[in-house]
Amino acid sequence: MIEAVIFDWGGTLTPWVTMDHLAGWRAYADVLHPGDAPAAERAAAALLAAEEARWQLARDTHRAFRMTQVVEDAAAELRAAGHPEPPYRQDALAAYREHWTAATYTDPEVGPLLGVLRDRGAALGVLSSTGWPADWHEDFLRRDGVLDLFDACVWSSDLDWTKPHREAFEAAIAAVGATDPSRVVYVGDRPYDDISGAKAVGMRAVLVPHSDIPAHQRVPVDVSPDAVIQRLSDLPAVLADW
Ligand SMILES: [Mg+2]
(Lines give C-alpha, C1' and ligand atoms only; values in the text may rest on other atoms or scores of the structure.)
Protein backbone atom coordinates (compact mmCIF):
# COMPACT_ATOMS: atom_id res chain seq x y z
CA MET A 1 0.00 0.00 0.00
CA ILE A 2 1.39 3.36 -1.06
CA GLU A 3 1.30 6.04 1.64
CA ALA A 4 2.22 9.06 -0.48
CA VAL A 5 3.23 10.14 -3.96
CA ILE A 6 5.61 13.08 -4.36
CA PHE A 7 6.26 14.71 -7.72
CA ASP A 8 9.07 16.70 -9.25
CA TRP A 9 7.85 19.95 -10.84
CA GLY A 10 9.82 20.98 -13.98
CA GLY A 11 9.67 18.35 -16.70
CA THR A 12 7.30 16.19 -14.64
CA LEU A 13 4.18 18.08 -13.49
CA THR A 14 5.02 20.64 -16.19
CA PRO A 15 6.12 19.15 -19.52
CA TRP A 16 9.65 20.12 -20.52
CA VAL A 17 10.03 23.31 -22.54
CA THR A 18 13.49 24.29 -23.74
CA MET A 19 13.95 27.91 -22.68
CA ASP A 20 16.44 30.66 -23.49
CA HIS A 21 17.92 31.46 -20.07
CA LEU A 22 19.86 34.46 -21.36
CA ALA A 23 16.67 35.98 -22.78
CA GLY A 24 15.05 35.67 -19.36
CA TRP A 25 17.87 37.60 -17.72
CA ARG A 26 17.85 40.09 -20.60
CA ALA A 27 14.19 40.78 -19.80
CA TYR A 28 15.27 41.44 -16.19
CA ALA A 29 18.18 43.66 -17.26
CA ASP A 30 16.11 45.64 -19.78
CA VAL A 31 13.92 46.85 -16.90
CA LEU A 32 17.03 48.05 -15.04
CA HIS A 33 18.68 49.69 -18.04
CA PRO A 34 15.95 51.07 -20.33
CA GLY A 35 17.46 52.49 -23.51
CA ASP A 36 20.96 51.29 -22.64
CA ALA A 37 21.45 48.07 -24.58
CA PRO A 38 25.17 47.60 -23.77
CA ALA A 39 24.49 47.86 -20.02
CA ALA A 40 21.51 45.49 -20.27
CA GLU A 41 23.53 43.00 -22.28
CA ARG A 42 26.39 43.11 -19.75
CA ALA A 43 24.05 42.68 -16.78
CA ALA A 44 22.16 39.83 -18.46
CA ALA A 45 25.40 37.98 -19.19
CA ALA A 46 26.53 38.39 -15.57
CA LEU A 47 23.16 37.20 -14.25
CA LEU A 48 23.21 34.15 -16.51
CA ALA A 49 26.77 33.29 -15.45
CA ALA A 50 25.79 33.66 -11.80
CA GLU A 51 22.74 31.42 -12.27
CA GLU A 52 24.77 28.76 -14.09
CA ALA A 53 27.41 28.83 -11.33
CA ARG A 54 24.72 28.33 -8.68
CA TRP A 55 23.24 25.39 -10.58
CA GLN A 56 26.71 23.90 -11.02
CA LEU A 57 27.27 24.20 -7.27
CA ALA A 58 23.91 22.51 -6.71
CA ARG A 59 24.92 19.65 -9.01
CA ASP A 60 28.34 19.28 -7.36
CA THR A 61 27.44 19.83 -3.68
CA HIS A 62 23.57 19.91 -3.60
CA ARG A 63 23.71 23.34 -2.01
CA ALA A 64 20.38 25.16 -2.46
CA PHE A 65 20.15 28.77 -3.62
CA ARG A 66 17.65 31.54 -4.17
CA MET A 67 17.11 34.14 -6.88
CA THR A 68 18.30 36.84 -4.47
CA GLN A 69 21.69 35.11 -4.33
CA VAL A 70 21.96 34.91 -8.12
CA VAL A 71 21.42 38.66 -8.33
CA GLU A 72 23.90 39.27 -5.47
CA ASP A 73 26.52 37.08 -7.17
CA ALA A 74 26.10 38.94 -10.47
CA ALA A 75 26.24 42.28 -8.65
CA ALA A 76 29.56 41.34 -7.05
CA GLU A 77 31.03 40.41 -10.45
CA LEU A 78 29.87 43.63 -12.09
CA ARG A 79 30.99 45.75 -9.15
CA ALA A 80 34.46 44.20 -9.32
CA ALA A 81 34.60 45.11 -13.01
CA GLY A 82 33.53 48.69 -12.31
CA HIS A 83 30.03 48.38 -13.77
CA PRO A 84 26.64 49.27 -12.28
CA GLU A 85 25.20 46.50 -10.15
CA PRO A 86 21.81 44.91 -10.89
CA PRO A 87 19.56 45.33 -7.85
CA TYR A 88 16.99 42.71 -6.80
CA ARG A 89 13.95 44.54 -8.05
CA GLN A 90 10.36 43.33 -8.18
CA ASP A 91 9.55 44.97 -11.53
CA ALA A 92 12.59 43.35 -13.12
CA LEU A 93 11.68 40.00 -11.53
CA ALA A 94 8.19 40.33 -13.00
CA ALA A 95 9.68 40.67 -16.49
CA TYR A 96 11.93 37.65 -15.90
CA ARG A 97 8.99 35.63 -14.63
CA GLU A 98 6.87 36.65 -17.62
CA HIS A 99 9.58 35.26 -19.92
CA TRP A 100 9.44 31.93 -18.10
CA THR A 101 5.65 31.61 -18.07
CA ALA A 102 5.73 29.37 -21.16
CA ALA A 103 7.48 26.67 -19.11
CA THR A 104 5.08 26.73 -16.17
CA TYR A 105 1.89 25.13 -17.46
CA THR A 106 0.73 22.03 -15.63
CA ASP A 107 0.26 18.86 -17.68
CA PRO A 108 -3.54 18.54 -18.16
CA GLU A 109 -3.30 14.94 -16.92
CA VAL A 110 -2.21 16.10 -13.46
CA GLY A 111 -5.64 17.11 -12.08
CA PRO A 112 -7.38 13.81 -12.93
CA LEU A 113 -4.31 11.82 -11.82
CA LEU A 114 -4.21 13.49 -8.42
CA GLY A 115 -7.93 12.81 -8.00
CA VAL A 116 -7.40 9.08 -8.62
CA LEU A 117 -4.45 8.92 -6.20
CA ARG A 118 -6.37 10.84 -3.55
CA ASP A 119 -9.31 8.48 -3.86
CA ARG A 120 -6.89 5.64 -3.09
CA GLY A 121 -5.87 7.40 0.11
CA ALA A 122 -2.40 8.57 -0.94
CA ALA A 123 -1.01 11.82 0.39
CA LEU A 124 0.29 14.03 -2.41
CA GLY A 125 3.27 16.35 -2.59
CA VAL A 126 5.78 18.24 -4.69
CA LEU A 127 9.55 18.39 -4.21
CA SER A 128 11.40 20.66 -6.62
CA SER A 129 14.96 21.91 -6.94
CA THR A 130 14.48 25.58 -7.78
CA GLY A 131 15.83 29.03 -7.15
CA TRP A 132 12.41 30.58 -7.62
CA PRO A 133 10.36 31.61 -4.59
CA ALA A 134 7.69 29.18 -3.38
CA ASP A 135 4.92 31.69 -4.11
CA TRP A 136 5.80 31.75 -7.82
CA HIS A 137 5.45 28.00 -8.08
CA GLU A 138 2.29 27.99 -6.01
CA ASP A 139 0.79 30.74 -8.18
CA PHE A 140 1.38 28.56 -11.26
CA LEU A 141 -0.20 25.51 -9.62
CA ARG A 142 -3.14 27.62 -8.39
CA ARG A 143 -3.65 29.14 -11.86
CA ASP A 144 -3.89 25.60 -13.25
CA GLY A 145 -6.35 24.49 -10.57
CA VAL A 146 -4.16 21.87 -8.89
CA LEU A 147 -2.52 23.58 -5.89
CA ASP A 148 -5.24 22.53 -3.46
CA LEU A 149 -4.89 18.90 -4.52
CA PHE A 150 -1.46 18.67 -2.88
CA ASP A 151 -1.01 18.11 0.83
CA ALA A 152 2.38 19.82 0.77
CA CYS A 153 4.81 21.44 -1.66
CA VAL A 154 8.52 21.69 -0.84
CA TRP A 155 10.74 24.02 -2.88
CA SER A 156 14.50 23.90 -2.42
CA SER A 157 14.62 27.70 -2.35
CA ASP A 158 13.25 27.25 1.19
CA LEU A 159 15.80 24.54 2.07
CA ASP A 160 19.54 24.25 2.61
CA TRP A 161 19.85 21.47 0.02
CA THR A 162 18.61 20.56 -3.44
CA LYS A 163 17.88 17.09 -4.76
CA PRO A 164 19.43 14.57 -4.67
CA HIS A 165 20.48 15.44 -1.10
CA ARG A 166 18.69 13.18 1.35
CA GLU A 167 17.54 16.09 3.50
CA ALA A 168 15.48 17.44 0.58
CA PHE A 169 13.67 14.13 0.18
CA GLU A 170 13.27 13.71 3.93
CA ALA A 171 11.76 17.20 4.15
CA ALA A 172 9.19 16.30 1.49
CA ILE A 173 8.32 12.97 3.12
CA ALA A 174 7.76 14.72 6.45
CA ALA A 175 5.78 17.53 4.81
CA VAL A 176 3.20 15.13 3.38
CA GLY A 177 2.94 13.35 6.73
CA ALA A 178 4.38 10.04 5.57
CA THR A 179 6.45 7.87 7.89
CA ASP A 180 7.72 4.91 5.87
CA PRO A 181 9.86 5.90 2.83
CA SER A 182 9.41 2.46 1.27
CA ARG A 183 5.72 3.30 0.93
CA VAL A 184 6.38 6.68 -0.65
CA VAL A 185 6.82 7.05 -4.41
CA TYR A 186 8.79 9.81 -6.10
CA VAL A 187 8.05 10.70 -9.73
CA GLY A 188 10.61 12.68 -11.71
CA ASP A 189 12.39 13.24 -15.02
CA ARG A 190 16.06 13.23 -13.97
CA PRO A 191 17.95 9.99 -13.19
CA TYR A 192 20.49 11.65 -10.89
CA ASP A 193 18.47 14.30 -9.04
CA ASP A 194 15.21 12.41 -8.87
CA ILE A 195 15.72 8.67 -9.17
CA SER A 196 19.04 8.26 -7.36
CA GLY A 197 18.01 10.73 -4.65
CA ALA A 198 14.67 9.06 -3.96
CA LYS A 199 16.14 5.55 -3.93
CA ALA A 200 18.94 6.62 -1.58
CA VAL A 201 16.38 7.37 1.13
CA GLY A 202 14.47 4.15 0.48
CA MET A 203 11.65 5.56 -1.63
CA ARG A 204 10.37 3.98 -4.80
CA ALA A 205 11.14 6.00 -7.91
CA VAL A 206 9.29 6.39 -11.20
CA LEU A 207 10.96 8.00 -14.21
CA VAL A 208 9.12 10.08 -16.81
CA PRO A 209 11.83 10.12 -19.50
CA HIS A 210 10.76 12.83 -21.92
CA SER A 211 12.71 15.92 -20.86
CA ASP A 212 15.35 17.24 -23.24
CA ILE A 213 17.86 17.84 -20.45
CA PRO A 214 20.97 19.68 -21.71
CA ALA A 215 24.16 17.60 -21.69
CA HIS A 216 25.90 19.88 -19.19
CA GLN A 217 23.06 19.33 -16.70
CA ARG A 218 23.22 15.54 -16.89
CA VAL A 219 25.06 13.79 -14.11
CA PRO A 220 26.00 10.21 -14.97
CA VAL A 221 24.60 7.80 -12.41
CA ASP A 222 24.20 4.05 -12.20
CA VAL A 223 20.64 3.72 -10.97
CA SER A 224 17.46 2.02 -12.16
CA PRO A 225 13.99 3.42 -11.56
CA ASP A 226 11.38 1.06 -10.15
CA ALA A 227 9.22 1.93 -13.14
CA VAL A 228 9.28 4.06 -16.27
CA ILE A 229 6.05 5.67 -17.47
CA GLN A 230 5.43 7.34 -20.79
CA ARG A 231 2.78 9.69 -19.43
CA LEU A 232 1.53 10.66 -16.00
CA SER A 233 -1.83 8.97 -16.55
CA ASP A 234 0.05 5.64 -16.63
CA LEU A 235 1.00 6.03 -12.94
CA PRO A 236 -2.12 4.58 -11.23
CA ALA A 237 -1.70 1.28 -13.07
CA VAL A 238 1.93 1.04 -11.93
CA LEU A 239 1.07 1.84 -8.33
CA ALA A 240 -1.81 -0.65 -8.29
CA ASP A 241 0.77 -3.48 -8.37
CA TRP A 242 2.73 -2.01 -5.42
MG1 LIG B 1 12.50 17.93 -13.34
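Residues numbered from 1 in each chain as written. Predicted model: local features only at pLDDT ≥ 70, side-chain atom pairs only at ≥ 80, totals over all residues. Heavy atoms only, no water.

With that settled, consider the coordination of the magnesium ion. Looking at the metal site, the magnesium ion is ligated by Asp8 (OD), Gly10 (O) and Asp189 (OD), spaced 2.1 to 2.2 Å from it. In the primary structure, the donors to the magnesium ion are separated according to the pattern D-x1-G-x178-D. (Donors = N, O, S within 2.8 Å, 3.2 Å for Na, K, Ca; no water.)

Two measures describe an aromatic ring pair: the distance that separates the ring centres and the angle between the ring planes. What the rule picks out here adds up to 13 aromatic pairs. Their ring planes at 40° and their centres at 4.4 Å tell us that Trp25 and Tyr96 sit as a pair that is tilted. Taken together, the positions of Trp25 in helix 1 (residues 21-32) and Tyr96 in helix 4 (residues 90-100) put the pair 71 residues apart, joining distant regions of the chain. For Trp25, a relative accessible area of 0% gives the class buried. On the numbers, 6.2 Å between centres and 45° between planes, the contact of Tyr96 with Trp136 is tilted. (Phe/Tyr/Trp six-rings, centres within 6.5 Å; stacked < 30°, edge-to-face > 60°. Helix = DSSP H or I, 4+ residues; strand = E, 2+ residues; numbered from the N terminus. Buried < 20%, exposed > 50% of the residue type's maximum accessible area, 1.4 Å probe, protein only.)

So, on to the pairing of strand 3 (residues 152-155). Burial along strand 3 is two-sided: the residues Ala152 and Val154 and Cys153 and Trp155 are all buried. Of the pairings in the sheet, the one linking strand 2 (residues 123-128) to strand 3 comprises 4 bridges and is parallel in character. Bridged to Ser128 within strand 3 is Trp155. In this region the chain leaves strand 2, passes through helix 6 (residues 134-143) and returns to the parallel neighbour strand 3; the handedness of that crossover is right-handed. (Pairing = 2+ DSSP bridges. Right-handed = clockwise from strand over helix to strand, strands pointing away.)

Along its sequence, the protein is carved into domain 1 (4-17 + 105-240) and domain 2 (21-102). Computed over C-alpha atoms, the centres of domain 1 and domain 2 are 27 Å apart. Taken together, the contact pairs 23 residues of domain 1 with 16 residues of domain 2. With both chains or domains summed, domain 1 and domain 2 bury close to 1800 Å², and 58% of this area falls on carbon and sulfur atoms. When the area that domain 1 buries against domain 2 is broken down by residue, the three leading residues are Trp132, Trp136 and Thr162, summing to 28%. (Domains from an automatic or database assignment. Contact = heavy atoms within 4.5 Å. Buried area = accessible area lost by both parts, 1.4 Å probe.)

Time to look at helix 3 (residues 67-80). Taking 1.5 Å per residue as the helical rise, helix 3 with its 14 residues ought to reach 20 Å, and the 20 Å between its terminal C-alpha atoms agrees with that figure. Buried within helix 3 we find Met67, Gln69, Val70, Val71, Ala74, Ala75 and Leu78. Elements in contact with the buried residues of helix 3: helix 1, helix 2 (37-61), helix 4 and helix 6. Just downstream of helix 3 lies Gly82, where phi reads positive at about 80°. (Expected span 1.5 Å × (residues − 1).)

The subject of this paragraph is the nonpolar core. Core analysis: the biggest nonpolar cluster contains 55 residues, and Val5, Phe7, Trp25, Tyr28, Phe150, Val187 and Leu235 have the highest contact counts within it. Here Trp25 is in contact with Ala44, Leu47, Leu48, Glu51, Met67, Val70 and Tyr96, once residues within four sequence places are set aside. Counting 21 residues, the second largest nonpolar core, distinct from the first, contains Ala152, Phe169, Val184 and Leu207. (Core = buried A, V, L, I, M, F, W, Y, C linked by side-chain atoms within 4.5 Å.)

For the pair helix 1 and helix 2, the least separation of the axes is 8 Å and the interaxial angle reads 130°. If you check the angle between helix 1 and helix 2, you find them oblique. At the point where helix 1 passes helix 2, the crossing takes the right-handed sense. For the pair helix 1 and helix 2, the contacting residues are His21, Leu22, Trp25, Arg26, Tyr28, Ala29 and Asp30 in the first and Ala37, Ala40, Glu41, Ala43, Ala44, Ala45, Leu47, Leu48 and Glu51 in the second. Broken down by class, the residue content of the contact of helix 1 with helix 2 amounts to 11 nonpolar, 1 polar and 4 charged. (Axes fitted to C-alpha atoms, helices over the stretch in contact; angles between N-to-C directions. Parallel < 35°, antiparallel > 145°, perpendicular 65-115°, else oblique. Left-handed = near helix turned anticlockwise from the far one by under 90°. Nonpolar A, V, L, I, M, F, W, Y, C, P; charged D, E, K, R; others polar.)

Looking now at the pairing of strand 1 (residues 4-7). Along any regular strand the residues' side chains alternate between the sheet's two faces. Taking every second residue as pointing to the same face, both faces of strand 1 are buried, with Ala4 and Ile6 on one and Val5 and Phe7 on the other. Inspection of the sheet shows strand 1 paired to strand 2 by 4 bridges, in the parallel sense. Each residue of the ladder has a partner; that of Ala4, found in strand 2, is Ala123. Across 4 bridges, strand 1 lies against strand 4 (residues 184-188) in parallel orientation. The residue bridging Ala4 from the neighbouring strand is Val184, located in strand 4.

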